[in-house]
Amino acid sequence: MKIIDNQSLVYSYLETNQLHEYFSRVDVNKIKLCRFDKGEMMITAGEPLQEMLFLVEGKVKIFTVTAEDKRLIIRFLKAFAMLGDIEFANEENAITSVEAITDCLVLSIPYNYLKETIGKNPSFLYFLLQSISHKFRTKTNFTTFNVLYPVEVRFASYLLSISTDSKGTVFREEMKHSSLADIADMIGTSYRHLNRVIQKLCNEQVIERAKGSIHIKNLQKLRDLAKDNIYE
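Residues numbered from 1 in each chain as written. Predicted model: local features only at pLDDT ≥ 70, side-chain atom pairs only at ≥ 80, totals over all residues. Heavy atoms only, no water.

Of regular secondary structure, the chain possesses eight helices and 12 strands. Look at the contacts in the chain between residues 6 or more apart in sequence, and 75% of them connect residues 24 or more apart. Taken as a whole, the chain presents about 12000 Å² of accessible surface, with 49% of it coming from carbon and sulfur. (Helix = DSSP H or I, 4+ residues; strand = E, 2+ residues; numbered from the N terminus. Contact = heavy atoms within 4.5 Å. Areas by Shrake-Rupley, 256 points an atom, 1.4 Å probe, with all protein chains shown as cover.)

The α-helix winds at 3.6 residues per turn, so residues separated by three or four positions along the chain end up facing the same way. Among the residues making up helix α1 (residues 7–16), those that are buried are V10, Y13 and L14. Buried residues of α1, viewed axially, fall in a sector of 100 degrees; they line one side. With respect to the buried face of α1, the exposed residues turned more than 90 degrees away are S8, E15 and T16. Immediately downstream of α1, the backbone of Q18 shows phi near 55 degrees, a positive value. (Buried < 20%, exposed > 50% of the residue type's maximum accessible area, 1.4 Å probe, protein only. Arc of directions from axis to C-beta.)

Let us look at the pairing of strand β12 (residues 213–216). Across four bridges, the pairing between strand β11 (residues 207–210) and β12 is antiparallel. Residue pairing across strands places E208 opposite H215, the latter belonging to β12. The antiparallel pairing of β11 with β12 creates a hairpin that spans two residues between the two strands, and K211 there sits at a positive phi of about 55 degrees. (Pairing = 2+ DSSP bridges.)

Here we take up the nonpolar core. Grouped together as the largest cluster of nonpolar side chains are 43 residues, with contacts concentrated most on F23, M52, F54 and L107. Dropping the residues within four chain positions of it, L107 is found in contact with V10, Y13, L14, L19, I31, K32, L33, M52, L53, F54 and V56. With 29 residues, the next largest nonpolar core counts V153, V206, I216 and A226 among its residues. (Core = buried A, V, L, I, M, F, W, Y, C linked by side-chain atoms within 4.5 Å.)

Looking now at the pairing of strand β5 (residues 59–65). Burial analysis of β5 places five of its seven residues in the buried class, the great majority of the element. In the sheet, β5 pairs with strand β6 (residues 71–78) via seven bridges, with the strands oriented antiparallel. Bridge pairing links V60 to L77 in β6.

It is worth spelling out the packing of aromatic side chains at this point. Summed over all chains, the structure comprises four aromatic pairs. With 5.2 Å between their ring centres and 55 degrees between their planes, F88 and Y111 make a pair best called tilted. Placement of the pair is F88 in helix α2 (residues 85–90) and Y111 in helix α3 (residues 111–117), with a sequence separation of 23 residues. Taken as a pair, F88 and Y111 share a single burial class, namely buried. In this structure an aromatic cluster arises from ring pairing among F88, Y111 and F124. (Phe/Tyr/Trp six-rings, centres within 6.5 Å; stacked < 30°, edge-to-face > 60°.)

A few words now on the pattern of salt bridges. Overall, the coordinates contain seven salt bridges when judged by the stated rule. Of the charged contacts, one joins E99 and K61 as a salt bridge, the two residues approaching to 3.7 Å between their closest N and O atoms. Linking E99 in strand β8 (residues 97–100) with K61 in strand β5, this pair joins segments that are 38 residues apart in sequence. Here K61 falls in the buried class, since its relative accessible area comes to 6%. Shared partners join several salt bridges into a network, and the residues in it are R35, D37 and D103. (Salt bridge = Lys/Arg side-chain N within 4 Å of Asp/Glu carboxyl O.)

That's the geometry; what it means functionally is another story.
Written out as structure tokens, the structure reads:
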């Protein structure tokens, strides 16, 4: 993580994302603008959180770790998104992990300062309630998707999510053996079954596998298969 000293940019992000109306009583000098590089962990499940994070640029992956130490995707989030709101409300350690899958910019505000300044402000509490309710609905949908949708749809959704940045640009993603094993865990299937799905999509000219990477050949077919992307 790198802190960017640029208060005018902080103001700009507050206004662009319509946060200024909630944080009008917040001293802008208490808000940090932070950069996370692609692949960097932003939040780790089980660890204490001290700050509320607002994703203003980039895309993140949110996942949980099972009792068998396997990672399972909950969803992907593009800017704008609020992180740490549930933990703020419940005063508990992080319940999920968050990883940057593109370079990301976030606004960071200390929990203690938020509680002192606007912790009881009705408009801020309503804003918080909306965010938490949306996440509850997403978690419910995630459980349903993992039960109802076949692996082919789940993998297409995953591939679509990691292969597009916040502006929708396609890029190559390394898909080596170890990565595929992790992906299989994340979408709730076996490594062997995932390989069969990959081969099927290659045969259908949806994707291409070469030199340790998977490249999307037909983006529209992938989107159709992903059913509007169940992980976003």
